Every structure is written in structure tokens, then in C-alpha cells.
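Now for the letters of each chain:
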Amino acid sequence: MDASQLNWLSACDAARAIRDGAVSSEQMVESCLARIREAEPQVEAWQYLDPAHALAQARARDADRREGRPTGPLHGVPVGIKDIMDTADMPTEDGTVLHAGRTPARDATAVAMLRAAGAVILGKTVTTECATYFPGKTRNPCNPEHTPGGSSSGSAAAVAAGMVPLSLGSQTNGSVIRPASFCGVYGFKPTHGLISRHGIMKLSRTLDHVGVFARTLEDVALIAEQLVGHDELDADTRPRARIPFCAVAAEQPPLPPLLAFVKGPAWERAEEETREAFAELVAELGDRVVEVDLPETTQRALDWHRTIMEAEMAANLDVEWERGRDRLSESLRTRLARGREVSALDYQIALARIPLLQEGFGEIFERFDAILTPAAAGTAPKGLASTGDPSFCTLWTLLGMPALSLPLMQGGNGLPLGVQLVGPRHDDARLLRTARWLAAQVAAG
């Protein structure tokens, strides 16, 4: 096995090779660091990286294996962490000068679970300002003149560029699905409350999700399986039996899945190329996909989402507003100002719409295995002043449904164009199984 190419291994293959002694964690991490040295000047995916510390973690993992100590499913595998997630051994600066030099005392729960699974925390990836809209420094590895998306820009770009096989991101609107689509990797946003958000910058309890990036579906299943669990420090998680993501995702569906093609409330924003690509995909899938119109009430989802997000952001970032609003970007100041003006009545009305909308999807999922819809309006826009339009993700984030971006298509400019699959809440593993079937259908076509 060429040691210089270990960085391109999937996490599953890397974990297996390290477990079997074919390679060491130190070799794997060194290959990732070599790739970072090569590509980082152009991509700029990392906010904090200490190569010596990363290698020290890897050597400790190798010593554990040599000395017969317990090893986990991600033993020795490097993972990137979005820089809004607390790490006890690295700064967490949340993409804002207001938190420059911030050094947490404890890991976020998700980071602690990765360490318990044996992962090497390679470094902190770039986030947009406070995980909102103002771009960070990261460029799209597919074409550096284009945005990588946001807010999990560095996490998506680092995986796409071969710098690390896995990374964590977060999504409050479209911050996992959109950058995954733009950068051409898999991005998974699980059911709301499935993965603990304790120790992660809070924007909106109602809308915040932890998500993951990977280059294979098997890797998505592997890391998701390690992260799910009850955490008394996140009131939206709950005790549950272990979800066998890897086993379920690898199964053949008992029957060929039936997909509902949904244009959604943002369809008018879709680029013509996107409309044509999805028309071709639907035609290729034949009788396994049916176009479904959503109820009129979903047209208000974007407004309700904005009301909730901006009101809760204004509350959660009140200290930043009071102490340093002049150091925030104009776009964030504008959103926080709007959030501070949201009435209690409008906020409560928007919250009350969520369970009603969720109930309305019950009938769809009685008939269909998943919803097929665009991950973004088109390929990554040119320029770095914006991270793109998140509106194709908004409805599914509002409803807390699991969503997955699959890198199955390409635009005329050669950039990736993601396909989004959405499943019923708490049926995340089956969504990955359906995604595996879809990817195979597209590959065979």
C-alpha cells in the first residue's frame, strides 16, 4: 500500500488496515498532513492545525493497539472538527474575532464520543462567522474560484480535497447538505436530536443539528453509528437502543425503494440546469419515482424557519450583540437585529407549525421510502462573497428530518451537483440503505 496515498483511503478501509496492522495510525495521519501541506495553500480548509499534536495522538493510538488495550471502530482514523465544536486540547473560536483565542476546558459530547471510538482529532476546520452566512477563507477544492458553501465550509472542503476521510459539521439551515453538494462529497444531517449538541455553539435549539461529511456512504454509516446516543446535557436527545447504521446501510432493500420527487417551496430558485438534471434522473428511475406535490402550507416554511432561527439566534448571541456588535459582519448584525424584533406571538405561531407540518408528511412516508429533491439551486456559485442559497434544505431542517446529499451529478461547468434524499424522522439508517440503492441505480445507468 503506497503510504503517500493513504489519505485517500475511506475511513472504513483505514480503520480496517490499522486494526489489521497493515498500516499505522501515524502513517495515516502523516499522509493526511502531507496532503494538507500540498493543498491547503489553495483550499484553506483549516482554522487550527498542530501537526505535532495530531501525530502524538496517532502514536498513542498505535501504542494502544500494540499493547493490547481496547480499540474502537474508528481507532487511529483522523477526523476534522468544525470550529464551533469544543475541543479541550485545541482552540474553538466559532469563526468570529469576538472568540479569538477561546480555549474550552472540555470536549463537546460529539468530540468525546469520537475519541472514545479511537479517532484522532486532526484539527479544527473553518466555519463561517458564528456558523451563519458571512464566509470564511475556504475555497472550493473542485474550483478555487467558487464557494465551498457554508457554514461547514472547511469540513466539506477538507474531505473533498483528500485532507481527511471524515469531518463533523453542523446545520441550522443548509450548512451540511449545501457544502456537501458544492464540494462533491456525502453530507448527512440526521434526525433532530439524534446526536448531542452539548459543547457546540448554540444558534437555535429548535433547528441546530450535528452532521457529518465523508467520501463514501459506508463511512457516513460508520461515523454516524459512533455519534448517536442520549446525552443528559442535550435535552433533545433521548435514550434509545443502539442504531446499527453500518449493518442496515449495507443491506439490500427487501423491495426496490419507491421515491417521491418533490420540488419543494424553493423550486422557483432552481437553475435551469438543475431542473433538467432532475428531469433526466426521474426519467432514468422510471416507475421507482413519482412526482408529489406538497401541501400549500409548506410554502410558508421558509418564513417560519427564518422567524424561529433569527429569534433564537438573537437570544443565543445576545452577549456578542451587547459587547461587540460592531465587530460582527453587517449580514449577521442585520439578522440579529431582525431577530430581536420578532414578536412572541409570531415566534410561537411558527413553532406550532412544526408538528402540524410533520404530521402532513406521514401519508407520504406511508407510501414512499424517501423524498428525492435537489440539495441546492445549482452548482457552487462563482466567487467567495457568498456561500450560496440554502433554501433547498430549509424545510427539512425545520421539520428535523434526516437528509443526505449524494454526489451523483455534475453541472456543465464540471462542478458537482448534489442529489438530496430525505427520510422520515428516526428512520436514519434506512435512509442510508435507500441512498445506497439510488447510488447503484445511477452508476448502472
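Rules used throughout
- Residues numbered from 1 in each chain as written.
- Predicted model: local features only at pLDDT ≥ 70, side-chain atom pairs only at ≥ 80, totals over all residues.
- Heavy atoms only, no water.
- Axes fitted to C-alpha atoms, helices over the stretch in contact; angles between N-to-C directions.
- Helix = DSSP H or I, 4+ residues; strand = E, 2+ residues; numbered from the N terminus.
- Parallel < 35°, antiparallel > 145°, perpendicular 65-115°, else oblique.
- Left-handed = near helix turned anticlockwise from the far one by under 90°.
- Contact = heavy atoms within 4.5 Å.
- Nonpolar A, V, L, I, M, F, W, Y, C, P; charged D, E, K, R; others polar.
- Patch = residues over 30% accessible without salt bridge, like charges linked within 9 Å, V, L, I, M, F, W, Y side chains within 5 Å.
- Areas by Shrake-Rupley, 256 points an atom, 1.4 Å probe, with all protein chains shown as cover.
- Salt bridge = Lys/Arg side-chain N within 4 Å of Asp/Glu carboxyl O.
- Lys, Arg positive; Asp, Glu negative; His and termini not counted.
- Charge placed at Lys NZ, Arg CZ, Asp CG, Glu CD.
- Pairing = 2+ DSSP bridges.
- Buried < 20%, exposed > 50% of the residue type's maximum accessible area, 1.4 Å probe, protein only.

On to the packing of helix H4 (residues 109-116) against helix H7 (residues 217-227), then. Where H4 meets H7, the axes come as close as 8 Å, and the angle between the chain directions of the two elements is 110°. When the axes of H4 and H7 are compared, the pair comes out roughly perpendicular. Considering how the two elements wind past one another, H4 and H7 form a crossing that is right-handed. Across from Ala110, Met113 and Leu114 in H4, the residues of H7 making contact are Ile223, Gln226 and Leu227. Here the residues of the contact of H4 with H7 sort into five nonpolar, one polar and no charged.

Residues Glu271, Glu272, Glu273, Glu276, Glu280 and Glu284 make up a contiguous surface patch of negative charge. On the secondary structure map, Glu273 appears in helix H9 (residues 272-285).

This paragraph deals with the sheet that holds strand S3 (residues 120-125). Within the open sheet, the 11 strands sit side by side as S1-S3-S2-S4-S6-S5-S10-S11-S9-S7-S8. Their pairing is mixed. Edge positions in the sheet fall to strand S1 (46-49) and strand S8 (289-291), since each of these pairs with one other strand and no more. Going across the sheet, the axis of each strand differs from the next one's by a mean of 30°, ignoring polarity. Across three bridges, the pairing between strand S5 (residues 186-189) and strand S6 (residues 209-214) is antiparallel.

On to the pattern of salt bridges, then. If you walk through the whole model with that rule in mind, you get 26 salt bridges. Residue Asp89 pairs with Arg115 through a salt bridge whose shortest N-O separation is 2.8 Å. Residue Asp89 is located in the loop between strand S2 (78-82) and H4, and its partner Arg115 is located in helix H4; the two are separated by 26 residues in the primary sequence. The partly exposed category is assigned to Asp89, whose relative accessible area is 30%. Taking the shortest distance from any N to any O, the salt bridge between Asp369 and Arg430 comes out at 2.9 Å. Of the two residues, Asp369 sits in the loop between helix H14 (362-367) and strand S9 (370-374) while Arg430 sits in helix H16 (residues 428-444), which places them 61 residues apart along the sequence. Since its relative accessible area comes to 23%, Arg430 is described here as partly exposed. What emerges from the salt-bridge pattern is a single network uniting Arg197, Arg205, Asp234 and Asp236.

Counting buried residues along S9, five of its five residues qualify, which places the element largely inside the surrounding structure. In the sheet, strand S7 (residues 259-261) pairs with S9 via three bridges, with the strands oriented parallel. Among the inter-strand pairings, Leu259 is bridged to a residue of S9, identified as Ala370.

Look at helix H10 (residues 301-316) against helix H15 (residues 391-398): their axes get within 9 Å of each other, and the N-to-C directions meet at 70°. Overall, the two elements H10 and H15 adopt an arrangement that is roughly perpendicular. Every residue of H15 that contacts H10 at Ala301, Leu302, His305 and Ile308 is listed here: Ser391, Thr394, Leu395, Thr397 and Leu398. When the residues that make up the contact of H10 with H15 are grouped by side-chain class, the tally is five nonpolar, four polar and no charged.

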